[in-house]
Structure formats: C-alpha cells, structure tokens
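Reading the structure
Okay, here's what each chain looks like letter by letter:
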Amino acid sequence: ALARAAEQRAAEARAAAEREALARAAAVQEAAAREAAEVAARAAGAPETLVLSAADAATNPLCQQLEAFGFRVRVLHEPPQLPAPWPFVAVFVDRALGMPGGGDAIDLCNHVRESSRLPGERKPVLMLVAEQLSSTDRVRAGLAGCNELIVGEITRGAVAGALDRRGIVLPSDARRV
C-alpha cells in the first residue's frame, strides 16, 4: 500500500510538472507573439527617412544608425521623383554625392528643399552629412536649406542629437525603455 501511494504521488508530481512545463511554454509563445506583433506595429507606423548616398544601405553607417533607432530607411543615389509632400520626416544628403548632370551635394540640398514640398506644406528636415566641411560650405549648406549638419564620424549620439534638435522623436530609443 505504501509503494502504491508513493507511486501515485510520483505520478501526480510528474503530471503537475508536465502541466507547469506546458503552461510555461504557452506563456513563452504568447510573449513571443506579443513581441512580434509590437515589432510589426512599430515597423508599419515607423517614420520614414530618405538617405541620398552613393553607398548602399548595408554598408552605410548612417542607415544602420537610423534603422537601429526604428526608422524605415530608403536609400537612393539621386533625388526621388515623388509628388510633394514627401512622406519622409528627414532627408539626409551625403556630401560625397553630386547631382546628376553636375553640381555638388549642396546644390542637391537646394534641389531637395525645392522639390520636397508644396507651398504651405510641412517639409522634411534636411541634413547634410560630411566627413569634413569648410566654413564656406557650411554657409552654402545653410543657404541651400539644410536644417542640420552632421560633420565627422557618424555616431549614435551625432545622429540622435541632430534628430532631437529638430524635434524628431526616435521610434525606439533604448534610453527610454
């Protein structure tokens, strides 16, 4: 009788452990599904940025930073022919890129500023990205409508700071978690 009682208790313990394991697995699956749904929702509503650069997105540190912040990033090698207003919250122009048919990146900034909006419409923030920039080119960039200059190494802080100064909230910011 004692052996049968011990066997029954062991069977009950195994059944309880199985129920607990199944409950844990279900909770893990539920949490993973919730997280996947949140990621998809953030991606669907994530603000879009445009990067005009000769470099591809995979090798461009600016694109990597923007994606890490939760932005959708579109990389083009020349300005898009989109009707205004553009859907982008920010447009980044790489100093190394020139305009098709001549002109430099600062001329391209002027072109982007003029073609990115209709009169009275909100225009995207325009940022020039350069490894180095002379004082003359800084003035030209300002006259061409650049709202921000990111000069030097592309770091998380440089990109986040430029966006923050223009009131653009990072879609996913590890500092706010």
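Here the structure is a predicted model, which means the values were calculated and not measured. (Residues numbered from 1 in each chain as written. Predicted model: local features only at pLDDT ≥ 70, side-chain atom pairs only at ≥ 80, totals over all residues. Heavy atoms only, no water.)

Taken as a whole and judged by the stated rule, the model has 5 salt bridges. Between R74 and E48 there is a salt bridge whose closest N-O contact spans 3.2 Å. With a gap of 26 residues between them, R74 in strand β2 (residues 72-76) and E48 in strand β1 (residues 48-52) connect regions that are remote in the sequence. The class of E48 is buried, set by a relative accessible area of 12%. Salt-bridge contacts for R165 lead to E148; the nearest nitrogen and oxygen are separated by 3.1 Å. Pair noted here: R165 is in helix α5 (residues 156-165) and E148 is in strand β5 (residues 148-151), with a separation of 17 residues, a long-range link. Linked through salt bridges whose partners overlap, the residues forming this network are E148, R165 and R166. (Salt bridge = Lys/Arg side-chain N within 4 Å of Asp/Glu carboxyl O. Helix = DSSP H or I, 4+ residues; strand = E, 2+ residues; numbered from the N terminus. Buried < 20%, exposed > 50% of the residue type's maximum accessible area, 1.4 Å probe, protein only.)

Turning our eyes to something else, we now look at the layout of surface pockets. In this structure, the largest pocket encloses a volume near 230 Å³. Per element, the largest residue contribution to the lining of the largest pocket is 3 residues, and it comes from strand β3 (residues 88-94). Considered class by class, the residues forming the lining of the largest pocket number 10 nonpolar, 3 polar and 3 charged. (1 Å grid on protein atoms, 1.4 Å probe; cavity = no way out; pocket = protein on both sides within 12 Å on 5 of 7 lines; lining within 4 Å. Points joined across faces, edges and corners; volume = space filled by probe spheres on them. Nonpolar A, V, L, I, M, F, W, Y, C, P; charged D, E, K, R; others polar.)

Bringing the confidence of the model for the protein into the picture now. Confidence along the protein averages 80 in pLDDT terms, with 78% of residues attaining 70 or more. Helix α1 (residues 2-45) is the least confidently modelled element of the protein, averaging 76 in pLDDT, while α5 averages 92, the highest of any element. (pLDDT = per-residue confidence, 0-100.)

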